[in-house]
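# Architecture and fold: a report
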Amino acid sequence: NGLKDVYDCVDKLIQLPSTQQALIHDQNELLDGSLRLLDLCNTAKDVLSQMKESVSELQSAIQRRQGDLAAETKRYLNSRKTVNKAIQKAFKGMETKKSTSSNNGDAIDMLREAESIVLEVLENLLCFICQSNSKSSSWSLVSKLIASKKTQVSANINEFAEVDASLKTSKSSEEIQAHLKNLQPCIQDLEEGVESLFRCLIKTRASILNVHNL
């Protein structure tokens, strides 16, 4: 919701004549930046969708109490590895592509600052999903951001990590099921947030493109 407010302000900023004049010289760089954010957003959408499917399949296997639960557990953990690899690949692709700051006007600097904020939040989100703090020491902030009535999240708790740990150490299907139930609304909240952000980024990109046609 905070990022949505930021991009509502960004859209208003882009409509100002002074900003549009400055965009003539920096349009390509800003478009490249918006494309990087959209790519990272798509990665987040893809991994969340994969996790949602994996959680649902594992829950169904536990509820049926049929078949080889060990095999279903292994499949889930393998899916987690695939997700983590996709996230690490996305991070490697971002390392040499971040926008560099310049002094081409307050409006352009503010647009770049908005891009940096979104980039940091998306990186923290992906770190949260793969239980890694390698990209930022503030990754646990995402826990607070996704707290809702459905699932109250502490800054020191990672629902993804809880499920992974329970699958590796717990012999109780009830305990595993409880952790999966905590993870489900977490994924749902994140999916909704990422989708809302994606729409904002698309709208802003269209506004920047339209400047060229004025």
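We now turn to the structure provided with this report. (Residues numbered from 1 in each chain as written. Predicted model: local features only at pLDDT ≥ 70, side-chain atom pairs only at ≥ 80, totals over all residues. Heavy atoms only, no water.)

### Observations concerning the environment of Leu 77
Stated precisely, the cut-off is as follows: Runs of H or I in DSSP of at least four residues are treated as helices and runs of E of at least two as strands, each being numbered from the N terminus. For this analysis, residues touch if any pair of their heavy atoms sits within 4.5 Å.
Along the chain, the position of Leu 77 falls in helix H3 (residues 69-94). In sequence terms Leu 77 and Lys 168 are 91 residues apart; their C-alpha atoms lie 9.2 Å from each other. Ignoring sequence-local partners within four residues, the contact set of Leu 77 consists of Asp 164, Leu 167 and Lys 168.

### Details of the nonpolar core
Here is the rule: Only buried residues count toward a nonpolar core. Its members are Ala, Val, Leu, Ile, Met, Phe, Trp, Tyr and Cys residues joined through side-chain atoms within 4.5 Å. For every residue, the accessible area (1.4 Å probe, protein chains only) is compared with the maximum for its type, and the residue is labelled buried under 20%, exposed over 50%, or partly exposed between those bounds.
The biggest cluster of nonpolar side chains holds 56 residues, and the ones touching the most others in it are Tyr 76, Ile 129 and Phe 160. Counting residues per element, the ones that place at least two in this core are helix H1 (2-14), helix H2 (17-64), H3, helix H4 (106-129), helix H6 (159-169) and helix H7 (173-213). When sequence neighbours within four positions are dropped, the list of residues in contact with Tyr 76 reads Met 51, Ser 54, Val 55, Leu 58, Val 163, Asp 164, Leu 167 and Leu 183.

### Brief notes about the packing of H3 against H6
For the record, the criterion: Only the stretch in contact is used when fitting a helix axis, every axis being a line fitted to C-alpha atoms; angles between N-to-C directions are given from 0 to 180 degrees. Left-handed describes a crossing in which the near helix is turned anticlockwise from the far one by less than a right angle; the clockwise case is right-handed. The residue classification treats Ala, Val, Leu, Ile, Met, Phe, Trp, Tyr, Cys and Pro as nonpolar and Asp, Glu, Lys and Arg as charged. All others, Gly included, are polar.
Axis separation between H3 and H6 bottoms out at 11 Å; the angle between their running directions is 140°. Seen along the crossing, H3 lies across H6 with a hand that is left-handed. For the pair formed by H3 and H6, the contact residues are Thr 73, Tyr 76, Leu 77 and Arg 80 on the first element and Phe 160, Val 163, Asp 164, Leu 167 and Lys 168 on the second. Across the contact of H3 with H6, the residue classes tally to five nonpolar, one polar and three charged.

### Considering the pattern of salt bridges
Rules: Counted as salt bridges are all cases of a side-chain nitrogen of Lys or Arg within 4 Å of a carboxyl oxygen of Asp or Glu.
Summed over all chains, the structure comprises 11 salt bridges. Here Glu 29 makes a salt bridge to Arg 112, at a shortest N to O gap of 3.0 Å. Here Glu 29, found in helix H2, pairs with Arg 112, found in helix H4; they are 83 residues apart in sequence, far enough to count as distant. For Arg 112, a relative accessible area of 6% translates into the label buried. For the salt bridge of Lys 45 with Glu 195, the shortest nitrogen-to-oxygen distance reads 3.2 Å. Of this pair, Lys 45 sits in helix H2 while Glu 195 sits in helix H7, placing them 150 residues apart in sequence.

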